[in-house]
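Geometric and topological summary
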Amino acid sequence: MSNVMVFDHPLIQHKLSILRDEHTSVKEFRELVSEIAKLMCYEATRDLPLEEVKVKTPVAEAVCRRIAGKKLAIVPILRAGLGMVDGMVDMIPNAKVGHIGLFRDPETLEPVKYYFKMPPDITERDVIVVDPMLATGGSAIAAVSFLKEEGVKNIKLMCIIAAPEGVEAMQKAHPDVEIFAAALDDHLNDHGYIVPGLGDAGDRIFGTK
Ligand code: PRP
Ligand code: URA
C-alpha cells in the first residue's frame, strides 16, 4: 500500500503485543500508548529539514545540524488521541497542540464533531494528526478535512493500529496524507472494530468500561 509506513521496530512491536492483551491494566495501557507514540514520532519526523549551525563546545567550534525552524502541531482526535500527545510533545517540546473532538455514532459509525480548537497559526504549521485506531477511516478523514478547510496544507496521520478498510478510505479521500502505523491488522468486524485490534482504545486509556 503506497503512502503507508508500518513500523516493524522490535521495541514498538513488543510494546504493541502487551497493548493488545485484554489483561493489560488501564495504567499500563496508558503508559504503552504514550511510549509507542514517542517511538513512532521519532520515525515519523525523519524527514524534517535540518540546517547547519556552528556551536562552540568547551574544546572547539563544531558544525552541527538543527531542525530548520519547521513549525509543527500535534492534533489528537478526542478522546483516544489524547493518549498519544504526551509521548509526541516529549519528543517535540515546541509543538503546539490542537484538538478535534469526534465520536463515532454507534449506529451509523459516522463521525460526529463536538470540539475544534487549533493554535492561531495552524496554517503555518505542519500537522501530525494522532489517533490510536484507524478503523473505517471516518474519523481521520473528517479530521483531515476540517484541517484542510482551515487552510492546513501538510498533514500526516499517525495511528497505532490501522485496518485495511480505513487505510483504503483514507488514501481515497486524502491521497496526499502519509499514514504511519505500528500495525496493519486483518479486517473490521460488523461493529466497526478492528480485528484482532485491541478493543476500544478510548475506554482502555481512560478506564471507562
Ligand atoms: C475511536 C478511535 C477513533 C475512531 C476510529 O474513537 O479513537 O477516533 O474510533 O474509528 P473510525 O476509523 O471508524 O472512525 P471513538 O469514536 O470510539 O471515540 P472515543 O475516542 O471518544 O472513544
Ligand atoms: N475504535 C476503537 O477504539 N477500536 C476499534 O477497534 C475501532 C474503532
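Preceding this paragraph is the structure being described.
Rules used in this analysis
Every residue gets a number counted from 1 within its own chain, in the order that chain's sequence is written. Chain letters and ligand numbers both follow the written order, the letters beginning at A and the numbers at 1. Only residues with pLDDT of at least 70 are given local features in this predicted model, and only at 80 or more are side-chain atom pairs given and counted; all residues enter the totals for whole chains, interfaces and linings. Heavy atoms from the whole structure form the basis of all side-chain values; hydrogens and water molecules are not counted. Nearness of a residue to a molecule or strand requires only that one of the residue's heavy atoms be within 4 Å of it. Here a polar contact is taken to be a pair of N or O atoms separated by no more than 3.5 Å, where protein atoms must pair a possible hydrogen donor with a possible acceptor and residues adjacent in sequence count only if both atoms sit in side chains. Accessible surface area values rest on a Shrake-Rupley calculation with a 1.4 Å probe, where residue burial reflects the displayed protein chains alone. For the exposure calls, accessible area comes from a 1.4 Å probe over protein chains only, and a residue counts as buried if that area is under 20% of its type's maximum, exposed if over 50%, partly exposed in between. By the criteria applied, helices consist of DSSP H or I runs no shorter than four residues and strands consist of E runs no shorter than two, each listed in order from the N terminus. Throughout, the arc means the angular range of directions from the helix axis out to the C-beta atoms. Working rule for contacts: check all heavy atoms of both residues, and any pair within 4.5 Å makes them a contact. Residues enter a nonpolar core if they are buried and are Ala, Val, Leu, Ile, Met, Phe, Trp, Tyr or Cys, with the set joined through side-chain atoms within 4.5 Å. Patches in this entry comprise residues that are over 30% relatively accessible and not in a salt bridge; like charges within 9 Å are linked, as are nonpolar side chains (Val, Leu, Ile, Met, Phe, Trp, Tyr) within 5 Å. Only one rule defines a salt bridge in this text: a Lys or Arg side-chain nitrogen within 4 Å of an Asp or Glu carboxyl oxygen. Both cavities and pockets are sets of points on a 1 Å grid over the protein atoms alone; in a cavity a 1.4 Å probe fits but cannot get out, in a pocket the set is open with protein on both sides within 12 Å along at least five of seven lines, and lining residues sit with an atom within 4 Å of a point. Grid points are joined across faces, edges and corners, and a volume is the space filled by probe spheres set on the points. Residue classes follow a fixed rule: Ala, Val, Leu, Ile, Met, Phe, Trp, Tyr, Cys and Pro count as nonpolar, while Asp, Glu, Lys and Arg count as charged, and any other residue, Gly among them, counts as polar. Two aromatic rings from Phe, Tyr or Trp, using only the six-membered ring of Trp, form a pair when their centres are within 6.5 Å; if the ring planes differ by under 30 degrees the pair is stacked, by over 60 it is edge-to-face, and anything between is tilted. The rule is short: NZ of Lys or CZ of Arg within 6 Å of the ring centre and within 35 degrees of the ring normal puts a charge over the ring.

With that settled, consider the site of ligand 2. Taken together, the residues surrounding ligand 2 are R104, M133, A135, G192, Y193, I194, G199, D200 and A201. In the environment of ligand 2, an oxygen atom lies 2.8 Å from a nitrogen or oxygen atom belonging to the backbone of I194. One of the backbone nitrogen or oxygen atoms of A201 is found 2.8 Å away from an oxygen atom of ligand 2. Relative to its unbound accessible surface of 240 Å², ligand 2 loses 89% to contact with the protein.

In this section: helix 5 (residues 164-173). For helix 5, every residue scored as buried is listed here: G166, V167 and M170. Along the axis of helix 5, the buried positions cluster into a sector of 100°, meaning they face one direction only. Facing away from the buried surface of helix 5 by more than 90 degrees, the exposed residues are E168 and K172. Packed against the buried residues of helix 5 are strand 1 (4-6), strand 9 (133-134), helix 4 (138-150), strand 10 (155-162) and strand 11 (178-184).

Further remarks concern the side chain of K156. Counting through the fold element by element, K156 comes out in strand 10. For K156, a relative accessible area of 12% puts it in the buried group. In this structure the side chain of K156 is engaged in a polar contact, spanning 2.9 Å, whose partner is the side chain of D47. Sequence-distant contacts of K156, defined by excluding residues within four places in its chain, comprise A44, D47, V127, I128, V129, V177, E178 and F180.

Attention now goes to the nonpolar core. Core analysis: the biggest nonpolar cluster contains 36 residues, and L16, L19, I36, M40, M88, M158 and I160 have the highest contact counts within it. Mapped onto this core, the elements with two or more residues apiece are helix 1 (10-20), helix 2 (26-44), strand 4 (72-78), helix 3 (82-91), strand 8 (126-130), strand 10, strand 11 and helix 6 (201-206). The element that contributes the greatest number of residues to this core is helix 2, accounting for eight residues. When neighbours within four sequence positions are excluded, M158 is seen to be in contact with A37, M40, C41, A44, M84, M88, I128, V129, V130, D131 and F180. Listed in part, the 28 residues of the second largest apolar core include L102, L134, A140 and A143.

L78 connects to R79 through a cis peptide bond whose omega is -5°. Within the secondary structure, R79 is located in the loop between strand 4 and helix 3. Omega for the peptide link from V195 to P196 comes to 0°, which places this bond in the cis form. Relative to the assigned elements, P196 resides in the loop between strand 13 (194-195) and helix 6.

Together, F103, V112, Y114 and Y115 make up an exposed nonpolar region whose accessible area comes to about 370 Å². Counting residues per element, the nonpolar patch draws most heavily on strand 7 (residues 111-117), which supplies three residues. Summarising the element assignment, Y114 is placed in strand 7.

There is about 720 Å³ of room inside the largest pocket. Taken together, 31 residues line the largest pocket, and the ones lying closest to its centre are F103, R104, S139, Y193 and D200. Where the lining of the largest pocket is concerned, the elements lending two or more residues are strand 4, strand 6 (99-104), strand 9, helix 4, strand 10 and helix 6. Partitioned by chemical class, the residues of the lining of the largest pocket number 17 nonpolar, eight polar and six charged.

In this structure the tally under the stated criterion is three aromatic pairs. Judged by centre distance (6.0 Å) and plane angle (35°), the ring pair of F103 and Y114 falls under tilted. Remark: Y114 occurs in strand 7 and F103 occurs in strand 6; sequence separation between them is 11 residues. For Y114, a relative accessible area of 44% corresponds to the partly exposed category. Geometry around F116 places K113 over its ring, the cationic atom sitting 4.9 Å from the centre. Between the NZ or CZ atom of K113 and the centre of the ring of F146, over which it lies, the distance is 4.0 Å.

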